[in-house]
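Chain by chain, the residues:
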Amino acid sequence: MSPRPRFPSFSATLADQADALPAILPERLPELALWASGESIWEWHAEGDRHVQQWFSTEDGSAHMVEDTLADFIDSLVPEHRDAFRLTWRMHVTGTSGVLDTAVQRNTGKGVRWIRLRGRAVSFCEDGRACHVVGTVRDITDQREADYSFRLMASAFASSRDALAVLRADWRLIEANAALHALLGDGHPLADQDLRRFLDIPASAREQLDACGYAQAETRLHTAGGRKVPVEIALSRFNAEAGSVSYLVATIRDITDRKRTESELARVSRFDPLTELPNRAALQHHLTQVLPHASLARQLAVLFIDLDGFKEINDSLGHDAGDELLRTMARRLQAALRPQDTLVRWGGDEFVAALEIGAEPERARRIARRVLSELSQRMTIRGHTLSLSGSIGIAIAPSDGSDPDTVLRHADAAMYAAKNAGKNRFALYHSGLAADALRRMTLLAQLRIAVERRKIDFVVQPKFDAQRRITGTELLARWESEGNGVVSPAVFIPLAEQGGLAVALGTLAIERAAEFAARMAAAGHRLPVAVNISPLQVMEGQLDELLARACARYHIKPDQLELEVTESVFLQDFDASEQRLSALREAGYAIAMDDFGTGYSSLGYLRRLPVDMIKIDRSFLIDVNDDEKSRRLLAGVVDLCRALGLRTVAEGVETEAQFNLLQSLGVEQYQGYLLGHPVSVDTLLTQLSA
Ligand code: C2E
Ligand code: CA
Ligand code: CA
């Protein structure tokens, strides 16, 4: 049986009425209306203060009636509404108000409910007061709650600090809150405006909105004043009632501050605060951008630049001085590079430059040379005069790699090769570098054993005066390694320095020099023996003791030894080196500046150096007999030395023509294959005695 609608009646049972469905009696209509609207009717009789309420249950339609007094009714109200109700009531029954219409909260079996009570006096007593009042009561709790949440929403909408707008589906504004007005500035009357006039809605947000009714995006808002404000927008579609047209709610948040913080963070994360250069992350970013475009016509050179000996300075002068030094070096690097080149601080004392060099790898070499010369200029930091060199490894894209990691790794490997080759130079990457590095490691291990076991030999090369008489000798190290045969000192000396063997090797050399000087003196030839001293040994600081012990042990005087140092000894801490060498000179050892002219020293500061003689590098002799310019250069150097009171020794004299020229210039001593090769100590003693 299908359920039927049930019509209630105050006068009949439901069952009775069910069958009378088609014919509803006209006099029953008010009851039905009452039932349908969910209202109750009430009446009040002044006589006996009777208050009667009748209603139908919305659940089963059953009729209900309650009788009490008005006082009972007032008691059922929440306390804070009772006085107000009494007043309203009194106004009505005394005839002051025509209708009774009030909303109050009442305690019921279903908790506290809002009710709306309406009524009207239908008869009056003699004193003019109402004696019968009739009306309806309705539970309006749900409506009140809806009202409340609406008011809440409205006030939230109005007072939200985020700009809010309600829009039609065609983006036209229905409502905008104060924050949106403020954000846009005064120029925009908003009603019925298309939101897209002042807000860019990204296509992706529109698609997302269509797909899921909600979208979020970052975009820009154009203010009345023409400013562009970065904003975050959230859009959501809603239907006010089921099936009705849809609306959009837009939340627009000004993210200027957040953007500023973000870009500051991005800046900070890509910058090195010490040198104010971009950092490693910035380089990665840059290389990722440019490497894909590298070609043989558009090559990219990556220079890995490492400062030589920075650690020692940092350790000895302190970190503040170290920082200052790095800042100076960063400025110099920038000066040596072109404006379009990218320079970053890689970390520590390492820098990387990325250069676009077109189709000319030669450009990379040219710039590397400029960088080296710029770096090695002298400077004064916290009262210390010093200069530092750099070692540079160069890798070129695309031939040496086409992704940032490979190119950087190869440039780094080349940088190590430059260090190993003696620092203050650049090296280009080639595929053999890894094998070279391995070979060097093996060689260093063998050298360490050789030095420990004193398996280093020394030969001596005589020095002559203009009359070809031997006036002195130079001790030169020799090493015959197992498996690699005779290794050139040009190879194993730098290796020893890097491997921490310089002092041990130097100690051996000094002892052998003293021993040889003593043997020559014993044979009646009191000639000085020159020994090559590594800059590291000068820096190390125990050279004076070592020399004194060797002299004492072999009973020789300091003037029987000469110390040959290269300009690089002055490179790091000029003042400390100057002090130590001056002290050694005062102790009686002659100091010779070796390989003069190959380094970085300017002739200008030659007079400040505590040296007795200059060994003019053999590179000055190349071409000297064919080229007027070379000859003049050599003559200038010799003159200068003479003017400064320095003795001169010419190195690498190989021909009679060179010898004659040097003689005519007035050089004092000569060393070279023309007059005497390096020979064993015994051979030289024999030669001397011949
Ligand atoms: P150096 O001090 O400039 O030594 C002179 C170098 O020139 C020696 O090479 C010598 O054999 C070479 N030489 C001499 N006359 C001629 C010539 O007429 N023509 C040419 N082409 N070369 C000539 P060597 O023995 O291979 O030594 C190379 C370098 O190794 C030395 O250059 C020196 O800087 C370093 N060295 C050698 N022995 C020692 C040592 O005991 N201690 C240190 N610290 N360094 C050393
Ligand atoms: Ca030498
Ligand atoms: Ca030399």
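For clarity, every value in this text was computed on a predicted model and none was experimentally measured.

Asker: Sorry if this is basic, but what is going on with the site of ligand 1 here?
Answerer: Lining the immediate surroundings of ligand 1 are 21 residues, of which Gln461, Ala477, Arg478, Glu654 and Tyr673 lie closest. Contacts to ligand 1 include aspartate 594, whose side-chain N or O atom sits 3.0 Å from an oxygen atom. Taking aspartate 595, its side chain carries an N or O atom lying 3.2 Å from an oxygen atom of ligand 1. For ligand 1, the accessible surface in isolation is 800 Å², of which the surrounding protein chains cover 82%. The element that contributes the greatest number of residues to the shell around ligand 1 is strand β22 (residues 470–481), accounting for four residues. Along the lines of polarity and charge, the residues of the shell around ligand 1 split into nine nonpolar, five polar and seven charged.

Asker: Is there a simple way to explain the coordination of the calcium ion (ligand 2) in this structure?
Answerer: For a metal bound by four donors in a tetrahedral arrangement, the ideal donor-metal-donor angle is 109.5 degrees, while six donors in an octahedral arrangement ideally sit at 90 or 180 degrees. Bound to the calcium ion (ligand 2) are the protein donor atoms Glu474 (OE), Asn532 (OD1), Glu564 (OE) and Asp594 (OD), situated 2.1 to 2.3 Å from the metal. Separation of the calcium ion (ligand 2) from the calcium ion (ligand 3) amounts to 4.0 Å, with aspartate 594 serving as a shared donor to the pair. Of the two residues, glutamate 474 sits in strand β22 while asparagine 532 sits in strand β24 (residues 529–532), which places them 58 residues apart along the sequence.

Asker: For this particular structure, what's the right way to read the coordination of the calcium ion (ligand 3)?
Answerer: Those donors, Asp594 (OD), Asp595 (OD), Glu651 (OE) and Glu651 (OE), are the protein atoms that reach the calcium ion (ligand 3), and they lie 1.9 to 2.7 Å from it. Sequence spacing of the donors to the calcium ion (ligand 3): D-D-x55-E. Since its relative accessible area comes to 12%, glutamate 651 is described here as buried.

Asker: Can you walk me through the confidence of the model for the protein in this structure?
Answerer: Low-pLDDT stretches of the model should not have their predicted coordinates read in fine detail. In the predicted model, the protein carries a mean pLDDT of 88, and the fraction of residues at 70 or more is 94%. Every residue in residues 1–7 is under pLDDT 50, and counting partners more than four places away or in other chains gives 11 contacts. Segment residues 12–22 is flagged for pLDDT under 50; beyond a separation of four residues in sequence, or across chains, it makes 12 contacts in the model.

Asker: Where do I start with the nonpolar core in this structure?
Answerer: Within soluble globular proteins, side chains that are nonpolar generally end up buried alongside one another. Counting 79 residues, the largest nonpolar core has Leu447, Ile456, Ile614 and Leu634 as its most contacted members. In terms of residue count, the dominant contributor to this core is helix α16 (residues 502–522) (10 residues). If near-sequence neighbours (up to four positions away) are discounted, leucine 634 is found in contact with Ile616, Phe620, Leu621, Val624, Leu661, Leu662 and Leu665. Residues Ala301, Phe310, Leu333 and Ile394 belong to the second largest nonpolar core, which totals 34 residues.

Asker: What should I look at first to understand the pattern of salt bridges in this one?
Answerer: Pairing between side chains of opposite charge can happen when the charged atoms of each approach one another. A full pass over the atoms with the stated rule returns 44 salt bridges. Put simply, arginine 138 and glutamate 39 hold a salt bridge, and the shortest N to O gap is 3.5 Å. Taken together, the positions of arginine 138 in strand β6 (residues 130–139) and glutamate 39 in the loop between α2 (29–37) and β1 (40–45) put the pair 99 residues apart, joining distant regions of the chain. Among the residues examined, arginine 138 registers a relative accessible area of 30% and is labelled partly exposed.

Asker: Sorry, what's going on with the sheet that holds strand β16 (residues 350–358) here?
Answerer: Two modes of strand pairing occur in sheets, parallel and antiparallel, and in both the strands are linked by backbone hydrogen bonds. On the basis of which strands lie adjacent, the open sheet formed by five strands has the order β15-β16-β14-β19-β20 and mixed pairing. Of all the strands in the sheet, just β15 (342–347) and β20 (426–428) have a single pairing partner and so form its edges. Strand-to-strand twist in this sheet, taken as the mean axis angle between neighbours without regard to direction, amounts to 25°. Where β15 meets β16, five bridges bridge the pair, whose relative direction is antiparallel. The residue bridging leucine 343 from the neighbouring strand is alanine 353, located in β16.

Asker: In this structure, what is going on with α2? I would like to understand it.
Answerer: Residues separated by three or four positions in an α-helix point in the same direction, a consequence of the helix having 3.6 residues per turn. Taken together, the buried positions of α2 are occupied by Glu31, Leu32 and Leu34. The arc that holds every buried residue of α2, seen down its axis, measures 160°, which confines them to one face. In α2, the exposed positions angled more than 90 degrees off the buried face are occupied by Leu29, Pro30 and Ala36. Residues of α2 that are buried in the fold lie against β1 and β2 (50–56). Within two residues after α2, glycine 38 carries a phi angle of roughly 75°, on the positive side.

So, how was this worked out
Residues numbered from 1 in each chain as written. Chains lettered and ligands numbered in written order. Predicted model: local features only at pLDDT ≥ 70, side-chain atom pairs only at ≥ 80, totals over all residues. Heavy atoms only, no water. Near = heavy atom within 4 Å. Polar contact = N/O pair within 3.5 Å; in protein donor to acceptor, adjacent residues only side chain to side chain. Areas by Shrake-Rupley, 256 points an atom, 1.4 Å probe, with all protein chains shown as cover. Helix = DSSP H or I, 4+ residues; strand = E, 2+ residues; numbered from the N terminus. Nonpolar A, V, L, I, M, F, W, Y, C, P; charged D, E, K, R; others polar. Donors = N, O, S within 2.8 Å, 3.2 Å for Na, K, Ca; no water. Buried < 20%, exposed > 50% of the residue type's maximum accessible area, 1.4 Å probe, protein only. pLDDT = per-residue confidence, 0-100. Contact = heavy atoms within 4.5 Å. Core = buried A, V, L, I, M, F, W, Y, C linked by side-chain atoms within 4.5 Å. Salt bridge = Lys/Arg side-chain N within 4 Å of Asp/Glu carboxyl O. Pairing = 2+ DSSP bridges. Axes fitted to C-alpha atoms, helices over the stretch in contact; angles between N-to-C directions. Arc of directions from axis to C-beta.

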